Amino acid sequence: MARKAKAGFTPGRAKNLVGVAKVVAPALIPVLAPVIARGAGVLSEQYDRYRARRLGIDVADIGKYSGYGARLHARIVGFSESLETLRATDSDWVSKTEARLTQLLAAVRASERMPTARRKAAHRAVGTDLEVLEQELLRRLNVR
């Protein structure tokens, strides 16, 4: 009685596939390489746009904000830019706030090399301080 060969992946089929790949691959690589490279570039650009949108910054500035504290870093920089509107009317508070923002930014940068639990605690503390400063800014701008 003749035995039927099992359907599926057998050593013989694997050998045949390797042989076909040896013949077809050299012809396909020059054709597919540019397409794959273009696709990778498009995916990278879309990911950068996604990250920039999440951070609330321009895509051109995405390189400035990286790491675990990127979101806090972007928030601090954006906050410091918004202080310019109050510089003429309340320069004393603005200078004190800028000094505090410098400290918070240093804490965010330093926390990048901390163990996870300490880094998260530092980020929570910085976030809390930043929220207090943002509330005060909104109060001074008469936004309720």
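Note that the coordinates shown come from a computational prediction; the quantities given were computed from them, not determined experimentally.

Enquirer: How should the layout of surface pockets be read in this particular structure?
Expert: It is a probe the size of a water molecule, rolled over the atoms, that shows where empty space is left. Considered as a void within the structure, the largest pocket measures approximately 170 Å³ in volume. Lining the largest pocket, in full, are Tyr-47, Tyr-50, Arg-51, Arg-54, Leu-55, Tyr-65, Ser-66, Gly-67, Ala-70 and Arg-71. Only α1 (11-55) and α2 (70-82) provide two or more residues apiece to the lining of the largest pocket. With five residues, the top contributor of residues to the lining of the largest pocket is α1. For the lining of the largest pocket, a count of residues per class yields five nonpolar, two polar and three charged.

Enquirer: Mind showing me how you'd approach a nonpolar patch on the surface here?
Expert: Nonpolar side chains collect at one region of the surface, where Val-20, Val-23, Val-24, Leu-28, Val-31, Leu-32 and Ile-36 lie side by side and expose about 620 Å² of accessible area between them. Examined against the element boundaries, Leu-32 turns out to sit in helix α1. Accessibility expressed as a relative area gives 40% for Leu-32, which makes it partly exposed.

Enquirer: Even after reading the chapter, I still don't get the side chain of Thr-97, so can you show me in this structure?
Expert: Summarising the element assignment, Thr-97 is placed in helix α3 (residues 91-111). A residue is classified by how much of its surface remains accessible, and Thr-97, at 3% relative accessible area, is buried. Reaching out from Thr-97, the side chain makes a polar contact with the backbone oxygen of Trp-93 at a distance of 2.7 Å.

Enquirer: Sorry, what's going on with α1 here?
Expert: Residues separated by three or four positions in an α-helix point in the same direction, a consequence of the helix having 3.6 residues per turn. For α1, with 45 residues, the first-to-last C-alpha span of 52 Å runs short of the 66 Å given by 1.5 Å per residue. Remark: the principal bend of α1, roughly 45 degrees, maps to Ile-29, with a proline, Pro-30, within the next four residues. A positive backbone phi angle near 75 degrees is found at Gly-56, which sits one or two residues after α1.

Enquirer: Before we go on, may I ask you to explain the packing of aromatic side chains in this structure?
Expert: Any pair of aromatic rings gets described here by the distance separating the centres and the angle formed by the planes. According to the stated counting rule, one finds one aromatic pair in the structure shown. The ring of Tyr-68 has Arg-119 sitting right over it, with the charged end atom 3.6 Å from the ring centre.

Enquirer: Where do I start with the environment of Met-114 in this structure?
Expert: Residue placement: Met-114 occurs in the loop between α3 and α4 (116-140). Not counting the four nearest positions on each side in its chain, Met-114 is found in contact with Arg-119 and Ala-122.

Enquirer: Explain the packing of α2 against α4 here, please?
Expert: The description of two helices packed together rests on the angle between their axes and the distance between the axes. Where α2 meets α4, the closest approach of the two axes is 11 Å, and the angle between their N-to-C directions is 20 degrees. For the element pair α2 / α4, the angle class is roughly parallel. Crossing handedness for the pair α2 and α4: left-handed. Residues Leu-72, Arg-75, Ile-76, Phe-79 and Ser-82 of α2 form the contact with α4, whose participating residues are His-123, Val-126, Gly-127, Leu-130, Glu-131, Leu-133, Glu-134 and Leu-137. By residue class, the composition of the contact of α2 with α4 is seven nonpolar, three polar and three charged.

Enquirer: How should unusual backbone geometry be read in this particular structure?
Expert: When glycine is set aside, most residues are seen to have a negative phi, and most peptide bonds are trans. Residues other than glycine seldom take positive phi values, yet Asn-142 does so here, at roughly 60 degrees. Inspection of the secondary structure puts Asn-142 in the segment after α4.

What counts, and where the lines are drawn
- Residues numbered from 1 in each chain as written.
- Predicted model: local features only at pLDDT ≥ 70, side-chain atom pairs only at ≥ 80, totals over all residues.
- Heavy atoms only, no water.
- 1 Å grid on protein atoms, 1.4 Å probe; cavity = no way out; pocket = protein on both sides within 12 Å on 5 of 7 lines; lining within 4 Å.
- Points joined across faces, edges and corners; volume = space filled by probe spheres on them.
- Helix = DSSP H or I, 4+ residues; strand = E, 2+ residues; numbered from the N terminus.
- Nonpolar A, V, L, I, M, F, W, Y, C, P; charged D, E, K, R; others polar.
- Patch = residues over 30% accessible without salt bridge, like charges linked within 9 Å, V, L, I, M, F, W, Y side chains within 5 Å.
- Areas by Shrake-Rupley, 256 points an atom, 1.4 Å probe, with all protein chains shown as cover.
- Salt bridge = Lys/Arg side-chain N within 4 Å of Asp/Glu carboxyl O.
- Buried < 20%, exposed > 50% of the residue type's maximum accessible area, 1.4 Å probe, protein only.
- Polar contact = N/O pair within 3.5 Å; in protein donor to acceptor, adjacent residues only side chain to side chain.
- Expected span 1.5 Å × (residues − 1).
- Bend = angle between axes of the 7 residues up to and from the residue.
- Phe/Tyr/Trp six-rings, centres within 6.5 Å; stacked < 30°, edge-to-face > 60°.
- Lys NZ or Arg CZ within 6 Å of the ring centre and 35° of its normal.
- Contact = heavy atoms within 4.5 Å.
- Axes fitted to C-alpha atoms, helices over the stretch in contact; angles between N-to-C directions.
- Parallel < 35°, antiparallel > 145°, perpendicular 65-115°, else oblique.
- Left-handed = near helix turned anticlockwise from the far one by under 90°.

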